[in-house]
Amino acid sequence: MASSEEDGGGNGAVEEKENGKKKKLGALATTWLIFYNVAMTAGWLVLGIAMVRFYIQKGTHRGLFRSVQKTLKFFQTFALLEVIHCAVVRTSVLVTGVQVSSRIFMVWFVAHSIKQIQNEESVILFLVVWTVTEITRYSFYTFNLLNHLPYFIKWARYNFFIILYPAGVAGELLTIYAALPYVKKTGMFSLRLPNKYNVSFDYYYFLIIVMFSYVPLFPQLYFHMLRQRRRVLHGEVIVEKDD
């Protein structure tokens, strides 16, 4: 799910577990992760400032996506590196891969490809949510790696998601829903029979399946973050199965 906030994400753990013990990351890995998270924090901050400036200057959200799309596409696609980071910090490759790929899917195969929906309010909703979420998340990872984590950053990381996560999911679902009529009318990304491959694919129904996939995934990831919140902010011992 594109708006999910899996704790870790292949970025911010200073230590990794090995045989039940904690093992510190090497200097090179730590340096790279600090650089990566600083760059991502700065990138999403630039995106956020650009969005605010656009709205102040234009007084409308229409055209906002087009204005910031290059920055958005670059930094969201750059996040593919987080799948590789899983090998360094022992985070679930599957969970991280699903989260990153779902974001990229929303950017490239929905918002970018279906230009008729770029001015929908739902697009702005998930853009705002993503921006606030990522600035908070990457700054959290950065300070955590530096062993100097301000309480406000930690508090924001484990409280903002309570509102932002459902809001982001709503924005994504409404955006996909708005795209359905255009996809059905144009048949984009669909493969009809007969063809030389003898296979068919209907992007319209694929998007509907994607929407329904939020039903089982959203509660799992949301309640996982709530458990992480209790553990980090209130010191509760939470016993969970390994991914």
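Cut-off values and rules
- Residues numbered from 1 in each chain as written.
- Predicted model: local features only at pLDDT ≥ 70, side-chain atom pairs only at ≥ 80, totals over all residues.
- Heavy atoms only, no water.
- Helix = DSSP H or I, 4+ residues; strand = E, 2+ residues; numbered from the N terminus.
- Expected span 1.5 Å × (residues − 1).
- Bend = angle between axes of the 7 residues up to and from the residue.
- Buried < 20%, exposed > 50% of the residue type's maximum accessible area, 1.4 Å probe, protein only.
- Contact = heavy atoms within 4.5 Å.
- Polar contact = N/O pair within 3.5 Å; in protein donor to acceptor, adjacent residues only side chain to side chain.
- pLDDT = per-residue confidence, 0-100.
- Core = buried A, V, L, I, M, F, W, Y, C linked by side-chain atoms within 4.5 Å.
- Axes fitted to C-alpha atoms, helices over the stretch in contact; angles between N-to-C directions.
- Parallel < 35°, antiparallel > 145°, perpendicular 65-115°, else oblique.
- Left-handed = near helix turned anticlockwise from the far one by under 90°.
- Nonpolar A, V, L, I, M, F, W, Y, C, P; charged D, E, K, R; others polar.
- Patch = residues over 30% accessible without salt bridge, like charges linked within 9 Å, V, L, I, M, F, W, Y side chains within 5 Å.
- Areas by Shrake-Rupley, 256 points an atom, 1.4 Å probe, with all protein chains shown as cover.
- Salt bridge = Lys/Arg side-chain N within 4 Å of Asp/Glu carboxyl O.
- Phe/Tyr/Trp six-rings, centres within 6.5 Å; stacked < 30°, edge-to-face > 60°.

(A) Quick peek at helix α4 (residues 93-112). Over its 20 residues, α4 runs 26 Å from end to end, which matches the ideal 28 Å to within 8%, given 1.5 Å per residue. The largest bend in α4 amounts to roughly 30 degrees and is located at Phe105. When we look at burial in α4, the residues that qualify are Thr96, Gln99, Val100, Ser102, Arg103, Ile104, Phe105, Met106, Val107, Val110 and Ala111. Considering only its buried residues, α4 is in contact with α1 (27-58), α2 (64-78), α3 (81-89), α5 (121-145), α7 (161-186) and α8 (203-234). Where α4 begins, the side chain of Ser92 points an oxygen toward the backbone nitrogen of Leu94, at a separation of 3.5 Å.

(B) Fine view of the confidence of the model for the protein. The predicted model of the protein averages 90 in pLDDT, with 88% of residues at 70 or higher. In the model of the protein, strand β1 (residues 15-18) stands out as the element of lowest mean pLDDT, 46, in contrast to α2, which has the highest, 98. Within the model, pLDDT remains below 50 along residues 15-21, and this stretch shows 14 contacts once partners closer than five positions in the same chain are excluded.

(C) Seen up close, the nonpolar core. With 51 residues, the main nonpolar core has Trp44, Leu72, Val110, Leu127 and Leu207 as its most contacted residues. Secondary-structure elements contributing two or more residues to this core are α1, α2, α4, α5, α7 and α8. Broken down by element, the residue count for this core peaks at 10 residues, all from α8. Sequence-distant contacts of Leu127, that is, excluding residues within four places in its chain, are made with Met51, Leu64, Phe65, Val68 and Leu72. One finds Leu25, Ile34, Val89 and Leu145 within the second-largest nonpolar core, a separate group that totals five residues.

(D) Representation of the packing of α1 against α5 in the model. Taken N-terminus to C-terminus, the directions of α1 and α5 make an angle of 150 degrees; their axes are 8 Å apart at the nearest point. Regarding the angle of α1 to α5, the classification is roughly antiparallel. The way α1 lies across α5 gives a crossing that is left-handed. Residues of the contact of α1 with α5, tallied by class, amount to 16 nonpolar, seven polar and one charged.

(E) Local environment of a nonpolar patch on the surface. A cluster of nonpolar side chains, Trp108, Phe109, Phe189, Leu191, Tyr197, Val199, Phe201 and Phe206, forms an exposed patch at the surface whose accessible area comes to about 720 Å². Inspection of the secondary structure puts Val199 in the loop between α7 and α8. Note on Val199: relative accessible area 43%, which makes it partly exposed.

(F) Quick peek at the pattern of salt bridges. Using the criterion set out here, one finds four salt bridges in the structure. Of the charged contacts, one joins Arg137 and Glu82 as a salt bridge, the two residues approaching to 3.8 Å between their closest N and O atoms. Placement of the pair is Arg137 in helix α5 and Glu82 in helix α3, with a sequence separation of 55 residues. Judged by its relative accessible area of 9%, Arg137 is buried. Between Arg192 and Asp202 there is a salt bridge; the shortest N-O distance is 2.8 Å. Residue Arg192 is found in the loop between α7 and α8, and its partner Asp202 is found in the loop between α7 and α8; the two are separated by 10 residues along the sequence. Judged by relative accessible area, which is 45%, Arg192 ranks as partly exposed.

(G) Structural view of the packing of aromatic side chains. Going through the model one piece at a time under the given rule, you end up with 25 aromatic pairs. Each ring, one from Phe105 and one from Tyr203, has its centre 6.4 Å from the other, and the planes form 65 degrees; the classification is edge-to-face. With Phe105 in helix α4 and Tyr203 in helix α8, this residue pair connects regions lying 98 residues apart in the sequence. Here the two residues Phe105 and Tyr203 agree in accessibility, since each one is buried. Relative to Phe206, the ring of Phe201 has its centre 5.6 Å away and its plane inclined at 55 degrees; by these criteria the two rings are tilted. The exposure class assigned to Phe206 is partly exposed, which follows from its relative accessible area of 30%. Three or more aromatic residues link up through ring pairs in this structure, and these residues are Trp32, Phe35, Tyr36, Phe74, Phe75, Phe78, Tyr138, Phe140, Tyr141 and Tyr158.

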